[in-house]
Amino acid sequence: MEQAVEALLERDADYLSKFSVFNDQTERKQIFESLTKTIEFSIAVETGTKWANTTQYLAQKFSGVPVYSGELVRESFLIARERLKAFKNVTILNCDSRDLIKTVVALPNSKSEVPFFYLDAHWYDDLPLEEEIELICDNWGSFLIMVDDFKVPHDPGYGWDDYKNGKKLDLEYIGPVTSRHKVSIFFPTAPSDHETGAKRGSVIIARGQNVLEQVSGNTHLREYFQAKEA
Ligand SMILES: C[S@@+](CC[C@H](N)C(=O)[O-])C[C@H]1O[C@@H](n2cnc3c(N)ncnc32)[C@H](O)[C@@H]1O
């Protein structure tokens, strides 16, 4: 943290840019880029900003689209906000991830947006992921969610989060919320030994005809479960 603040004050962009985007995972970036090429997202939301490494990447990739990111820890929020202050499309808030999503819900015309969510606010025993997904499903018809640190079935080479309270980021944990709402589930096609960087697992949760058409045809993703749209 101290080094990050010094780098920021000295405008040492090299130091800050060496922090990884999407955990330095090439396959993950390809999933993201292939999705953003084919789906016209109108807003992007990241939970868990930390020092805005991935936020900066999102800000550049979604240059004409608003990007919202929320961070609980005040010091990290201050670093992130300072670092990205030149990006006019970015709003960083110092808040809990569930409040960030509620803030986005309350924006004018928000429910007609097609949002991209990057859910990465899982570090502490208070795990917000289930409620984050619930809020998204309750408020948008079409969306795409990418969850970091998620267990990829049949590929233990991808890492996932396991907590002291017995919870882990896996299909069993999100099962109640994903089965209540009609969502489809996808995992990376690439085996973990083709992935680079931290090799953290991920899951894609999607809903809405236009979004699903693109996700289903995406060779970087394999379908795990496709919900029947009403
Ligand atoms: C893995 S880091 C995020 C990394 C960042 N997304 C990136 O790619 O560079 C997780 C961050 O989430 C924050 N966090 C944890 N729980 C949170 C919550 N409930 N609401 C908002 N932020 C939270 C932590 O303080 C930490 O900075």
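Residues numbered from 1 in each chain as written. Predicted model: local features only at pLDDT ≥ 70, side-chain atom pairs only at ≥ 80, totals over all residues. Heavy atoms only, no water.

To continue, consider unusual backbone geometry. As a rule of thumb, non-glycine residues mostly have phi less than zero, and peptide bonds are mostly trans rather than cis. Positioned with a positive phi, Phe22 is a non-glycine residue whose angle comes to about 45 degrees. In this structure, Phe22 sits in the loop between helix 2 (13-17) and helix 3 (26-38). In this structure Phe22 comes out as buried when scored by relative accessible area, which is 0%. Not every positive phi belongs to a glycine, and Asp24 is a case in point at roughly 65 degrees. Overall, the relative accessible area of 46% leaves Asp24 in the partly exposed class. (Helix = DSSP H or I, 4+ residues; strand = E, 2+ residues; numbered from the N terminus. Buried < 20%, exposed > 50% of the residue type's maximum accessible area, 1.4 Å probe, protein only.)

Inspection of the region around the ligand gives 19 residues, with Gly48, Thr54, Glu71, Ser97 and Asp120 positioned closest. Within the contact set of the ligand, a nitrogen atom lies 2.7 Å away from a backbone nitrogen or oxygen of Gly48. Here Leu72 contributes a backbone N or O atom positioned 3.2 Å from a nitrogen atom of the ligand. Protein contacts shield 94% of the accessible area of the ligand, which totals 600 Å² for the unbound molecule. (Near = heavy atom within 4 Å. Polar contact = N/O pair within 3.5 Å; in protein donor to acceptor, adjacent residues only side chain to side chain. Areas by Shrake-Rupley, 256 points an atom, 1.4 Å probe, with all protein chains shown as cover.)

Before going further, it helps to spend a moment on the nonpolar core. Note that soluble globular proteins tend to have their nonpolar side chains buried in a common cluster. Ile133, Ile145 and Ile205 are the most contacted members of the largest nonpolar core, which has 34 residues in total. Breaking this core down by element, the ones donating at least two residues are strand 1 (43-47), helix 6 (97-105), strand 4 (115-119), helix 7 (129-139), strand 5 (143-148), helix 8 (171-180), strand 6 (184-188) and strand 7 (202-207). At five residues, the largest contribution of residues to this core is made by helix 7. Leaving out residues up to four positions away in the same chain, Ile145 has contacts with Phe117, Leu119, Ile133, Ile136, Val203, Ile204 and Ile205. (Core = buried A, V, L, I, M, F, W, Y, C linked by side-chain atoms within 4.5 Å. Contact = heavy atoms within 4.5 Å.)

Let us now look at the sheet that holds strand 1. Reading across from one edge, 3-2-1-4-5-7-6-8 is the order of the eight strands in this open sheet, with mixed pairing throughout. For this open sheet the edge positions go to strand 3 (90-93) and strand 8 (221-225), each flanked by a neighbour on one side alone. Adjacent strand axes in the sheet meet at a mean angle of 20 degrees, parallel and antiparallel pairs treated alike. With four bridges connecting them, strand 2 (residues 67-70) and strand 3 associate as parallel partners. Across the sheet, residue Tyr68 finds its bridge partner in strand 3, namely Thr91. The strands that helix 6 touches are strand 1, strand 2, strand 3 and strand 4; relative to strand 1, the one it contacts most, it runs at about 165 degrees. (Pairing = 2+ DSSP bridges. Axes fitted to C-alpha atoms, helices over the stretch in contact; angles between N-to-C directions.)

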